[in-house]
Amino acid sequence: MTSRPAVVLTGFMGSGKSTVGRALGALGLDFVDTDAEIERRAGRTIPEIFAADGEDGFRAIEADTVRDVLATSRGIVALGGGSPTVPAIREALTGHHVVYLEIGPDDGYERVSGSDRPMLADPDPRARYAAILASRVDAYRAVAAQTVDAARPVAQIVAEIIEGLPNSGWTPYRPSDAPLQGENS
Ligand SMILES: Nc1ncnc2c1ncn2[C@@H]1O[C@H](COP(=O)(O)OP(=O)(O)O)[C@@H](O)[C@H]1O
Ligand SMILES: O=C(O)C1=C[C@@H](OP(=O)(O)O)[C@@H](O)[C@H](O)C1
Ligand SMILES: [Mg+2]
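Computed from a prediction, not measured in an experiment: that's the story for all the values here. (Residues numbered from 1 in each chain as written. Chains lettered and ligands numbered in written order. Predicted model: local features only at pLDDT ≥ 70, side-chain atom pairs only at ≥ 80, totals over all residues. Heavy atoms only, no water.)

Colleague: Before we go on, may I ask you to explain the UniProt feature "binding site: Mg(2+)" (unreviewed entry) in the protein in this structure?
Modeller: Taking the UniProt record as the reference, the feature "binding site: Mg(2+)" (unreviewed entry) is found at Ser18. Discounting residues that sit within four places of it in the chain, Ser18 has contacts with Phe31, Asp33 and Ala78. (UniProt positions renumbered as here; feature names shortened; annotations may be inferred. Contact = heavy atoms within 4.5 Å.)

Right, dumping it as structure tokens:
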């Protein structure tokens, strides 16, 4: 049993951190989405937190929550897209198996357009999406141990992440691992 999360997912909004994290977790580990954990702790939605406390207020809650989750999770953790921009979170990510789900501005925007993500509340959300993504790419790469092309089906992304796990990492349960009846007789 590792003493850390098996996988920590980073990447921009729409790269599929929450979706891929859930799919990885379904293979046999706990899954924590730090945004969901923020909402649970605050008793407010992320748009409500941004509206009341601004982005700085949200980042402060995010820093506390992510640090706690990294210290306690032994499973799959999906971060919010802005986590690697927060110095305290970057520091806390040191030594973790961080996987960067890489998505381009067109593919990524198609997935989140029309959502209520507060960072995209702008008269030109497509341009804002591209601008924030460009400003964060270096931060994602800096924290990542593995980079995966996220513009592909979820099953392929999951398979590539499993292949990239360090030896000491989690070995997912696959039904094909189970001995066939009568195999050893
Ligand atoms: N690999 C994928 N292929 C197609 N659609 C995807 C993929 N990954 C995520 N999505 C869809 O994109 C949207 C955003 O995904 P989500 O997991 O919330 O991203 P993130 O947590 O990185 O912001 C969701 O509607 C989800 O179903
Ligand atoms: O990129 C960002 O700054 C944010 C991304 C969101 O998470 P997802 O990346 O899961 O959409 C959420 O944490 C918040 O709205 C801020
Ligand atoms: Mg998410």
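So that's the structure; there's more coming.
Colleague: How do you make sense of the packing of helix α2 (residues 34-42) against helix α3 (residues 46-72) when you look at a structure like this?
Modeller: Think of two packed helices as two axes; the pair is described by the angle between the axes and how far apart they sit. Where α2 meets α3, the axes come as close as 9 Å, and the angle between the chain directions of the two elements is 110°. Our classification of the angle between α2 and α3 gives roughly perpendicular. Like other packed secondary-structure pairs, α2 and α3 cross with a definite hand, here right-handed. Counted together, Thr34, Asp35, Glu37, Ile38, Glu39, Arg41 and Ala42 of α2 and Ile46, Pro47, Ile49, Phe58, Ile61, Glu62, Asp64, Thr65, Val66, Asp68 and Val69 of α3 form the full contact between these two elements. For the contact of α2 with α3, the residue count by class is nine nonpolar, two polar and seven charged. (Axes fitted to C-alpha atoms, helices over the stretch in contact; angles between N-to-C directions. Helix = DSSP H or I, 4+ residues; strand = E, 2+ residues; numbered from the N terminus. Parallel < 35°, antiparallel > 145°, perpendicular 65-115°, else oblique. Left-handed = near helix turned anticlockwise from the far one by under 90°. Nonpolar A, V, L, I, M, F, W, Y, C, P; charged D, E, K, R; others polar.)

Colleague: I'm lost on the side chain of Thr34 in this one. Help?
Modeller: Within the secondary structure, Thr34 is located in helix α2. Here Thr34 falls in the buried class, since its relative accessible area comes to 0%. In this structure the side chain of Thr34 is engaged in a polar contact, spanning 3.4 Å, whose partner is the backbone nitrogen of Gly80. Those residues within four positions of Thr34 in sequence are excluded, and the remaining contacts are Thr65, Val66, Val69, Val77, Ala78, Leu79 and Gly80. (Buried < 20%, exposed > 50% of the residue type's maximum accessible area, 1.4 Å probe, protein only. Polar contact = N/O pair within 3.5 Å; in protein donor to acceptor, adjacent residues only side chain to side chain.)

Colleague: What is the right way to read the pattern of salt bridges from this model?
Modeller: Pairs can form between side chains of opposite charge whenever their charged atoms are close. With the rule as written, the count across this model stands at 11 salt bridges. Taking the shortest distance from any N to any O, the salt bridge between Arg59 and Glu55 comes out at 3.0 Å. Here Arg59 and its partner Glu55 are both found in helix α3, four residues apart, which amounts to about one turn of the helix. Judged by relative accessible area, which is 33%, Glu55 ranks as partly exposed. The partner of Arg126 in a salt bridge is Asp106, with the nearest N and O atoms 3.8 Å apart. Placement of the pair is Arg126 in helix α6 (residues 125-143) and Asp106 in helix α5 (residues 105-112), with a sequence separation of 20 residues. Each of Glu37, Arg40, Arg41 and Asp68 takes part in salt bridges that share partners, so that together they form one network. (Salt bridge = Lys/Arg side-chain N within 4 Å of Asp/Glu carboxyl O.)

Colleague: I'm lost on the sheet that holds strand β3 (residues 76-78) in this one. Help?
Modeller: As a general point, the strands of a sheet are linked pairwise by backbone hydrogen bonds and lie either parallel or antiparallel. Taken in spatial order, the five strands make up an open sheet running β2-β3-β1-β4-β5, and their pairing is parallel. Of all the strands in the sheet, the pair left with one neighbour each is β2 (31-33) and β5 (146-149). Within this sheet the neighbouring strands show an average axis-to-axis angle of 25°, counted without direction. Sheet topology note: the β2/β3 ladder contains three bridges and is parallel. Its bridge partner lying in β3, Val32 is registered against Val77. Against the sheet, helix α7 (residues 154-163) engages β1 (7-11), β4 (98-102) and β5, with an angle of about 160° to β5. (Pairing = 2+ DSSP bridges.)

Colleague: I would appreciate a short explanation of the environment of Val7 in the present structure.
Modeller: Secondary-structure assignment places Val7 in strand β1. Judged by relative accessible area, which is 0%, Val7 ranks as buried. As a C-alpha pair, Val7 and Val32 span 25 residues in sequence and 11 Å in three-dimensional space. Contact partners of Val7, with chain neighbours within four places excluded, come to Leu24, Gly75, Ile76, Val77, His97, Val99, Ile161 and Leu165.

Colleague: Which parts of the structure should I look at to understand the site of ligand 2?
Modeller: In the vicinity of ligand 2 lie 13 residues, with Lys17, Asp35, Arg59, Arg117 and Arg136 positioned nearest. Within the side chain of Arg59, a nitrogen or oxygen atom sits 2.6 Å from an oxygen atom of ligand 2. Separating an oxygen atom of ligand 2 from a side-chain N or O atom of Arg136 is a distance of 2.6 Å. Relative to its unbound accessible area of 390 Å², ligand 2 is 96% covered by the protein chains. Residue contributions to the shell around ligand 2 peak at three residues, all from α3. Here the shell around ligand 2 is built from residues that sort into five nonpolar, three polar and five charged. (Near = heavy atom within 4 Å. Areas by Shrake-Rupley, 256 points an atom, 1.4 Å probe, with all protein chains shown as cover.)

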